[in-house]
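Read off the chains here:
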Amino acid sequence: MGARSDGDHRERGTFARIACRAAGLALMLAWALLSATAAAAQTQIARTVHNLTSSGPGTFRVSEAAGLCVFCHTPHNASPTRALWNREVSGVTYKLYESSTLEAQLSQPTGSSRLCLSCHDGTLALGNLRVPPRGSRFTLGPLTGRAVLGTDLSDDHPISFVYDSALALRRGQLADPLTLPRTIRLDDTRQLQCTSCHDPHEDRNPKFLRLDNRFGALCTSCHRPRNWTGSTHSVATATWNGTGSNPWPPGAFPTVGENACINCHRPHAAGHPQRLLAQSAEPVVCTICHNGAVAPKSIEAEFLKPFRHPIDSSEWTHDPKEEPAVMPRHVACVDCHNPHAVTPAPATAPTATGRTRGSRGVSIQGARVDEVSFEYEVCLKCHGVNESTTPGILRRDAVRNVRLKINPANPSYHPVAAQGKNTTIVGLEPGYTPSSFIYCTDCHNNDEWTPQGTRPRGPHGSRYEPILEREFQAGDPAAESPASYALCYKCHNRSTLIDGSGRFPHKKHVVEKNASCAVCHDIHGSRQNIRLINFMLRTKTGSTVVTASSSGRLEFVPDLARPGRGSCYLKCHGEEHNPRSY
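Attention here is on the structure that accompanies the text. The structure displayed is predicted, hence computed values, not measured ones.

If you tally the helices and strands in the protein, you get 15 helices and 14 strands. Relative to the compact-globule value of 25 Å for 582 residues, the protein shows a C-alpha radius of gyration of 35 Å, a clear excess of over 25%. Dimensions along the principal axes, computed over C-alpha positions, put the protein at roughly 135 × 65 × 40 Å. Here the protein, with 582 residues, has 41% of them falling under the buried criterion. Considering only contacts in the protein between residues 6 or more positions apart, those separated by 24 or more positions represent 52%. Of the side-chain charges in the protein, 63 are positive and 51 negative, and the distance between the mean point of each set is 2 Å.

In structure tokens, the structure reads:
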């Protein structure tokens, strides 16, 4: 027993010495690693504007000797908040971000964001440290310039909110935080903080970003706009030509695709706080690029024409969640275009083109459509919900809701939502048949647009009322000419109509009596008659046109024995039709 006991003591002593040496080695290794990490971090910080020592590259520096880390951290008597913080934390109450699309629950900044704001809200002096270096008393004042966020954080990306799977599901178009890149860090309470996007110790990317934001890589780590991938704004190679205002912030990338989200949004100091839009004027968010300086075709110029969509008359009224049935009257670029989804993809009527992909609309039945399938659904969002309140032509059937006029259940309509009902129509120009569909924008379009031209397509503006591609005289009387009804003659052959090849004496009415096409035809459709017949009672300016006949009747009566024919009961330009058959 005594021999084994001596051996055991010797073995235990050997093990103790080995363990002690191993522990010491591990401690030395850990210290070496920590020292290396700290040294590496200091090396990184030394090159950044967070280096406030006399050797720092930024504007804000002390002249006294000081350690690199002391401006944020101290090993003793640190702030009880976190991170051995060597600064006081501001006690101000911040104004928080607000938006109708915000689903996160925001509160006053917490965690690391609070630490960042101890410099970046600009309220506390940079040199005001809890534990300054011995013998030093820094005189650095508060931070100034573009890096100051102030105490109004409503124009900055929201921070200090719980970003979890439930939020991603509730908000939509957000990545599940479980799928975020490892470089995008939430804090230990699952809150998104300043440090989720910025690494204050590392400026490998501009503005201390954790990811290179080229092509919106950082933004789209969290934000996943539907149909963004491959959309025009995500891939366009257009560059700013140097004229007008620079659409991008300092340090931006050279192309639209590379700038991606930054084309329209600013994560800090946004021009318009809600949805962090870059410009303070709503139209300028789009026209700063779509004025010929970046996008080759100038949309901005179209809105200078006498008849245009008034995008500047009710700025910031549009809301992404708006209900067409109750939304206030307005129009903005994003009512017709979804900048996250647009593409140049063509289509054939009535299918929506890439220009309106992802836009909201209203169906021909009057229901809200979150992503349009047909172009007319975009137009019906405004023109197919309520009766127009602007001055207009008064007709026998006084409805002005376009959706009700082009309804395929009507006796007649222009073939926007369905194939036309007049299968025997004659005199159509080449390219059109009785089974053709047309877009709203085949009539409502830029008056200077040509397929190979440099002017943009679309109903942004025109010299012809109401934003028509070609002239159409809807007043009464109106002299006929190829120009005065150029819009009608785009599809309907003038010779066939005027020279008698048609079935109705148009020449007598339109040429000899100067009656506008609009006197008899309601261009969008008629809820009562074939051939778009819906008589004009008064012009837009209030002049009387068609009245009841001497028998008190004012109607068109179709001849059931001769399809397409009928009799008119009315008085027009003093001419009694009681009836007059055609």
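As a further point, take the pattern of salt bridges. Summed over the entire model, instances satisfying the criterion amount to 31 salt bridges. As a salt-bridge pair, Lys305 and Glu448 come within 2.8 Å of each other at their nearest N and O atoms. Highlighted residues: Lys305 in the loop between α8 (282-287) and β3 (307-308) and Glu448 in the loop between β7 (412-413) and β8 (461-462), separated in sequence by 143 residues. The buried category is assigned to Lys305, whose relative accessible area is 11%. Each of Glu302, Lys305, Asp447, Glu448, Arg455 and Arg463 takes part in salt bridges that share partners, so that together they form one network.

Note that the residue after Glu465, namely Pro466, is joined by a cis bond; omega there is -10 degrees. In this model, Asn77 sits at a positive phi of 55 degrees, which is unusual for a non-glycine residue. Summarising the element assignment, Asn77 is placed in the loop between α1 (2-46) and α2 (111-120). Since its relative accessible area comes to 62%, Asn77 is described here as exposed. The backbone phi angle of Leu532 is positive, close to 60 degrees, even though this residue is not glycine.

Think of a pair of aromatic rings as described by two things: how far the centres are apart, and how the planes are tilted against each other in angle. What the rule picks out here adds up to five aromatic pairs. Ring centres 4.6 Å apart and planes at 55 degrees place the aromatic pair Phe504 and Tyr582 in the tilted group. Linking Phe504 in the loop between α13 (494-498) and α14 (506-512) with Tyr582 in the segment after β14 (575-581), this pair joins segments that are 78 residues apart in sequence. A network of ring pairs unites the aromatic residues Phe472, Tyr485 and Tyr489 as a single cluster. Its end group placed over the ring of Trp449, Arg457 keeps NZ or CZ at 4.8 Å from the ring centre. Above the plane of the ring of Tyr569 lies Arg553, whose end atom (NZ or CZ) is 3.6 Å from the centre.

It is worth spelling out the pairing of strand β13 (residues 566-572) at this point. The buried fraction of β13 is high, at six of seven residues. Relative to β13, strand β11 (residues 546-547) runs antiparallel, the two sharing two bridges. Bridging from a neighbouring strand, Val546 pairs with Cys572 of β13. Alignment of strand β12 (residues 555-558) against β13, held across four bridges, turns out to be antiparallel. When the bridges of β13 are listed, Pro558 appears paired with Gly566. Bridging between β13 and β14 involves five bridges; their strand directions are antiparallel. Within β14, the position partnered with Leu570 by the bridge is His577.

A few words on α2. Since the α-helix packs 3.6 residues into each turn, any two residues three or four apart lie on the same face. Counting buried positions along α2 yields seven of 10 residues, so the element is predominantly enclosed. Among the residues making up α2, those that are buried are Ser112, Ser113, Arg114, Leu115, Leu117, Ser118 and Cys119. Backbone geometry just after α2 places Gly122 at a positive phi near 75 degrees.

Basis of the calculations
Residues numbered from 1 in each chain as written. Predicted model: local features only at pLDDT ≥ 70, side-chain atom pairs only at ≥ 80, totals over all residues. Heavy atoms only, no water. Helix = DSSP H or I, 4+ residues; strand = E, 2+ residues; numbered from the N terminus. Rg over C-alpha atoms; globule rule 2.2 N^0.38 Å. Buried < 20%, exposed > 50% of the residue type's maximum accessible area, 1.4 Å probe, protein only. Contact = heavy atoms within 4.5 Å. Lys, Arg positive; Asp, Glu negative; His and termini not counted. Charge placed at Lys NZ, Arg CZ, Asp CG, Glu CD. Salt bridge = Lys/Arg side-chain N within 4 Å of Asp/Glu carboxyl O. Phe/Tyr/Trp six-rings, centres within 6.5 Å; stacked < 30°, edge-to-face > 60°. Lys NZ or Arg CZ within 6 Å of the ring centre and 35° of its normal. Pairing = 2+ DSSP bridges.

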